[in-house]
Amino acid sequence: MISGSWFEKQKNIIDYSLQSLLRRRSKNILILIIFILLVFGVSSILFITGSLTREMMITSNELPDITVQRILGGRQVNVPALFIPEIKKIPGVEAVETRVWGYFYLASLQANFTIYGMDLDLLEDGEYRKVVNWKNVPDQAERNPDYRMIVGQGVYELLENIQMEKRYLFYQPSWEKPIPFDIIGTFKADTELQSNDLMVLQTEGARRVLELPPDEFSDLVVYVPNPEEIENIALKIRRYFPELRTVTRAQIQNTYSSVFGWKSAFVLSSMLVAIFAFLILIWDKASGLSPEEKREIGILKAIGWDTDVVLSVKFWEALILSGISSLAGILLAYAYIYWLRAPGLREIFIGWSTIYPSFRLIPNVDPKFLLLIVTISVVPYLAVTIFPAWKAAITDPDVIIRNI
């Protein structure tokens, strides 16, 4: 019988539990390894989902209130300039701006570039300047300001491979000759998730590359000073102009959450077989007490140990084993996602682009994720360990020892 204060009892019980785990190390090492792998897999998915969702939510806060697109025949087409003054007349609309953007496929690299047109002079002032690594501007770029561009790091590395890191020649078979653009800067590494496959061209140059007529735009963006009016104004735009489609910032944010949630659910569901196999193994190893363990419980009861003390030993054994496994799995997942940048898993989550970002994510360890991990790992293991131990502990010690 263990005597002394409550803390001394717990110390002695923990010490005995550690010795008991070491005596059955072969069985416990197997459980430990499988336990760590399960926690590692679940934690990795939860970490990458949480960080990507957070990153995209931060980015989406800078999006326009309403994006207006024109749909004909079920496909998005250019928006004529004639819609702009009509939308401005809607009460509550503060401003309507135009956007020129699209995609350019480079067959030699089998990569899609995202092209966005804007006034590059704006990037040289204010907050924008902080996100660009500027390069020496060639004289020709100064003479031809419409043929300049700033590219993402992923684009720049690809262009280096084909020795076009200073000037890139856009070309389509239908053109008479290529259109040269001087690269005057690259976006910094902390914007990679948004800018890695991006080419920002001077607006007029982007029009030429995308073959966009001067009185048409890729889409429009509408700004509304009163957030409560956004949905109402979007409804009015659709009602007045049935061929236009509106996308609000809230809808984009919901889409981000749904997409990453769906992808994480898909990966987790793919792990169901492994999870069930783990639970079956745990049940087999933990609930089926070996004759040696039953004899040990019988001897402890025979020498005067109370049932609650025996259960405390088994509780600490299970808690130590599951706790170490969970902590190790979580730490390995943290290193895999945030230090190694999730090789093999990131491609599932970051989209269809062939120019994948190098993937520096902001750590986002949500306490809810940790609680979920504990719930699906530690709690079941404690349950399947304590119950068979309790059945053995309430049995007459003489019966246990004689029947083994």
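Cut-offs used in this document
- Residues numbered from 1 in each chain as written.
- Predicted model: local features only at pLDDT ≥ 70, side-chain atom pairs only at ≥ 80, totals over all residues.
- Heavy atoms only, no water.
- Helix = DSSP H or I, 4+ residues; strand = E, 2+ residues; numbered from the N terminus.
- Buried < 20%, exposed > 50% of the residue type's maximum accessible area, 1.4 Å probe, protein only.
- Contact = heavy atoms within 4.5 Å.
- Core = buried A, V, L, I, M, F, W, Y, C linked by side-chain atoms within 4.5 Å.
- Polar contact = N/O pair within 3.5 Å; in protein donor to acceptor, adjacent residues only side chain to side chain.
- Patch = residues over 30% accessible without salt bridge, like charges linked within 9 Å, V, L, I, M, F, W, Y side chains within 5 Å.
- Areas by Shrake-Rupley, 256 points an atom, 1.4 Å probe, with all protein chains shown as cover.
- Salt bridge = Lys/Arg side-chain N within 4 Å of Asp/Glu carboxyl O.

**A few points about the overall build of the protein chain**
- Helix and strand counts for the protein chain come out as 15 helices and 13 strands.
- Classification of the 404 residues of the protein chain by burial places 43% in the buried group.
- For the protein chain, the share of sequence-separated contacts (at least 6 apart) that also reach a separation of at least 24 residues comes to 80%.

**Looking at the nonpolar core**
- The biggest cluster of nonpolar side chains holds 41 residues, and the ones touching the most others in it are Ile-87, Phe-170 and Met-199.
- Ignoring any residue separated from it by four or fewer positions in sequence, one finds Met-199 in contact with Phe-113, Thr-114, Ile-115, Tyr-116, Met-149, Ile-150, Val-151, Val-155, Leu-159, Tyr-168 and Phe-170.
- Counting residues in each nonpolar core, the second largest holds 26 residues, with Leu-52, Tyr-338, Ile-373 and Leu-382 among its members.

**Some words on the environment of Asp-121**
- Examined against the element boundaries, Asp-121 turns out to sit in the loop between β5 (111-118) and β6 (132-134).
- Note on Asp-121: relative accessible area 39%, which makes it partly exposed.
- On a C-alpha basis, the gap between Asp-121 and Gln-202 in space is 8.8 Å, while along the polypeptide they are 81 residues apart.
- At 3.4 Å, the side chain of Asp-121 and the side chain of Arg-148 are in polar contact.

**Examining a nonpolar patch on the surface**
- There is a patch of nonpolar side chains on the surface, built from Ile-29, Ile-33 and Leu-37 and spanning about 290 Å² of accessible area.
- Turning to its location among the elements, Ile-29 is positioned in helix α2 (residues 25-60).
- Since its relative accessible area comes to 43%, Ile-29 is described here as partly exposed.

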